[in-house]
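Here is how the chains run, residue by residue.
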Amino acid sequence: MKTILITGGAGFIGSHVIRRFVNKYPDYKIVNLDVLTYAGNLENLKDIDYMPNYEFVRGDINDAPFINSLFAKYQFDGVLHLAAESHVDRSISDPMSFIMTNIVGTVNLLNGARENWKNNPDGKRFYHISTDEVYGSLGETGFFLETTSYDPQSPYSASKASSDHLVRAYHNTYKLPVVISNCSNNYGPNQFPEKLIPLAIHNISNNKPIPIYGKGENIRDWLYVEDHASAIDLVFHEGKNGETYNIGGHNEWTNIALIRQLCKTMDIKLGRDTGTAEKLITYVKDRAGHDLRYAIDSTKIQRELGWKPSLQFEEGIEKTVDWYLANSNWLENVVSGAYEKYYEKQYLSR
Ligand code: NAD
Ligand code: DAU
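Residues numbered from 1 in each chain as written. Chains lettered and ligands numbered in written order. Predicted model: local features only at pLDDT ≥ 70, side-chain atom pairs only at ≥ 80, totals over all residues. Heavy atoms only, no water.

**Remarks on the nonpolar core**
Part 1 of the reasoning: In terms of nonpolar packing, the biggest core is built from 38 residues, with Ile6, Val17, Phe21, Tyr54, Leu80 and Tyr127 touching the most fellow members.
Part 2 of the reasoning: Setting aside its immediate chain neighbours within four residues, Tyr127 contacts Val79, Leu80, His81, Val179, Ile180, Ser181, Ile232, Val235, Phe236 and Ile247. (Core = buried A, V, L, I, M, F, W, Y, C linked by side-chain atoms within 4.5 Å. Buried < 20%, exposed > 50% of the residue type's maximum accessible area, 1.4 Å probe, protein only. Contact = heavy atoms within 4.5 Å.)

Here it is as structure tokens:
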């Protein structure tokens, strides 16, 4: 039995990774470490939280003594590190929490792994999950490769870039067995409705304006979250130590084209007249330092590890809309803040 630490498992991507690992690897004990910030929601995992190979630990990666004691207690064989402050707009209004969690928190985990694995590094793996935003912004052409120079533009991306550098430094200096992946924009079930797609779904459902920053011409490369989880599974098991893998769907959309597509899908699903949702589109003040375009070249992971995305965007967006409409309670609980009571109800009253 291997014991695997997954950080940030109550968040959007982390919850999909946890579900995949708990179901697929019964011989792994999966420990989900999450402090439950506003973005952490244990309701995301209520279908698997009874499984014998799953354990939730509430704790903060910024607390070094706690992290050291966790490594000593569980003797982890592997780490998948997803915990982070992840929203660019919040990093613009409050950079310090991003510096703490994304940089200091990552170093605390690296130190825990280094100390625990120093006498027996064989078969161990520290997997750092990162973002394409570390590469900065593209013009109208070109793609991000693993060899593209880092050029982060927001406090969020600068904090993730710093953590990537530190992970590589621990590999070079201390021979810590690490692997890194940098992924494009994810979408799908359980995404916190401060991010573009779930925010738009919520607002369309409630006939509220859909805020589009600037002219809506910024481009993102969208990947369905379960396709990211399948890539993470492959990189964790088959990736080479010290290597980086870019993950993306070759699926570029301007924000306005994406929202128009979403509006069409929502009108059909809600049985409203064509064009109803589009009337809600409202152009608002642009994000400060708004990156123009992200686009990933994922040739390396496709060629070396045999990964490819399973869903076309039109199919993925329909699946996503279906999920949010079928789980309107989840969305309402998040928007009202009621989800924060789930932990007390589920864990403290036991
Ligand atoms: P999220 O914001 O939905 O979830 C983050 C989770 O981390 C939450 O459960 C939160 O409670 C937890 N967390 C935050 N600070 C913590 C701390 N100090 N200690 C313990 N837990 C803490 O994020 P997400 O969108 O699921 O992203 C997960 C990871 O993937 C992040 O590292 C992010 O940079 C990366 N990523 C995200 C995307 C995307 O499109 N969402 C794309 C590429 C990479
Ligand atoms: O590229 C990967 C990154 O994708 C991840 O590292 C981040 O964690 C994740 O949040 C995401 O960052 P973005 O800033 O691209 O995602 P967001 O959903 O915030 O915005 C997507 C685009 O839509 C971006 O160009 C800003 C724009 N936008 C966003 C919101 C919330 C709007 O026009 N209106 C909005 O209300």
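Next, the rest of the story.
**With respect to the site of ligand 1**
Part 1 of the reasoning: Taken together, the neighbourhood of ligand 1 is formed by 30 residues, with Ile13, Asp34, Ser86, Tyr156 and Lys160 sitting nearest.
Part 2 of the reasoning: Leu82 has a polar backbone atom sitting 3.0 Å from an oxygen atom of ligand 1.
Part 3 of the reasoning: Alone, ligand 1 offers 840 Å² of accessible surface; in the complex the protein occludes 96% of this.
Part 4 of the reasoning: The set of elements that each furnish at least two residues to the shell around ligand 1 consists of α1 (12–24), β5 (125–131), α5 (155–174) and β7 (185–187). (Near = heavy atom within 4 Å. Polar contact = N/O pair within 3.5 Å; in protein donor to acceptor, adjacent residues only side chain to side chain. Areas by Shrake-Rupley, 256 points an atom, 1.4 Å probe, with all protein chains shown as cover. Helix = DSSP H or I, 4+ residues; strand = E, 2+ residues; numbered from the N terminus.)

**Quick word on the sheet that holds strand β6 (residues 178–183)**
Part 1 of the reasoning: Reading across from one edge, β3-β2-β1-β4-β5-β6-β10 is the order of the seven strands in this open sheet, with parallel pairing throughout. What marks the edges here is a single partner per strand, and that holds for β3 (54–58) and β10 (244–247). Strand after strand, the sheet turns through a mean of 20° between neighbouring axes, direction not considered.
Part 2 of the reasoning: When β5 meets β6, the two strands line up parallel, connected through six bridges. Along β6, the bridge assignment pairs Thr131 with Cys183.
Part 3 of the reasoning: Sitting on the sheet, helix α7 (residues 225–238) is in contact with β1 (2–7), β2 (28–34), β4 (78–81), β5, β6 and β10, with an inclination near 145° to β5. (Pairing = 2+ DSSP bridges. Axes fitted to C-alpha atoms, helices over the stretch in contact; angles between N-to-C directions.)

**Observations concerning the pattern of salt bridges**
A side chain of one charge can pair with a side chain of the opposite charge if their charged atoms are brought near each other.
Part 1 of the reasoning: Within the structure shown, the criterion is met by 14 salt bridges.
Part 2 of the reasoning: Note that Glu55 is salt-bridged to Lys29, the shortest N-O span being 2.9 Å. Taken together, the positions of Glu55 in strand β3 and Lys29 in strand β2 put the pair 26 residues apart, joining distant regions of the chain.
Part 3 of the reasoning: Using a relative accessible area of 25% as the deciding quantity, one classes Glu55 as partly exposed.
Part 4 of the reasoning: In this structure, Lys269 and Asp322 form a salt bridge, with 3.0 Å as the shortest nitrogen-oxygen distance. Here Lys269, found in helix α8 (residues 255–270), pairs with Asp322, found in helix α10 (residues 313–326); they are 53 residues apart in sequence, far enough to count as distant.
Part 5 of the reasoning: Overall, the relative accessible area of 32% leaves Lys269 in the partly exposed class.
Part 6 of the reasoning: By sharing partners, the salt bridges in this structure join Arg20, Lys24 and Asp233 into a single network. (Salt bridge = Lys/Arg side-chain N within 4 Å of Asp/Glu carboxyl O.)

**Quick notes on the environment of Ile103**
Part 1 of the reasoning: With respect to the element layout, Ile103 can be found in helix α4 (residues 95–117).
Part 2 of the reasoning: Residue Ile103 is classed as buried on the basis of its relative accessible area of 17%.
Part 3 of the reasoning: A sequence separation of 61 residues divides Ile103 from Asp164, and the C-alpha atoms of the two residues are 8.9 Å apart.

**Describing the site of ligand 2**
Part 1 of the reasoning: In the vicinity of ligand 2 lie 23 residues, with Thr131, Asp132, Tyr156, Arg287 and His290 positioned nearest.
Part 2 of the reasoning: Within the side chain of Asp132, one N or O atom sits 2.6 Å away from an oxygen atom of ligand 2.
Part 3 of the reasoning: Between Tyr156 and ligand 2, the recorded distance is 2.6 Å, taken from a side-chain N or O atom to an oxygen atom.
Part 4 of the reasoning: Here the element with the most residues in the shell around ligand 2 is strand β8 (residues 210–213); it accounts for three residues.
Part 5 of the reasoning: Tallied by class, the residues present in the shell around ligand 2 amount to nine nonpolar, eight polar and six charged. (Nonpolar A, V, L, I, M, F, W, Y, C, P; charged D, E, K, R; others polar.)

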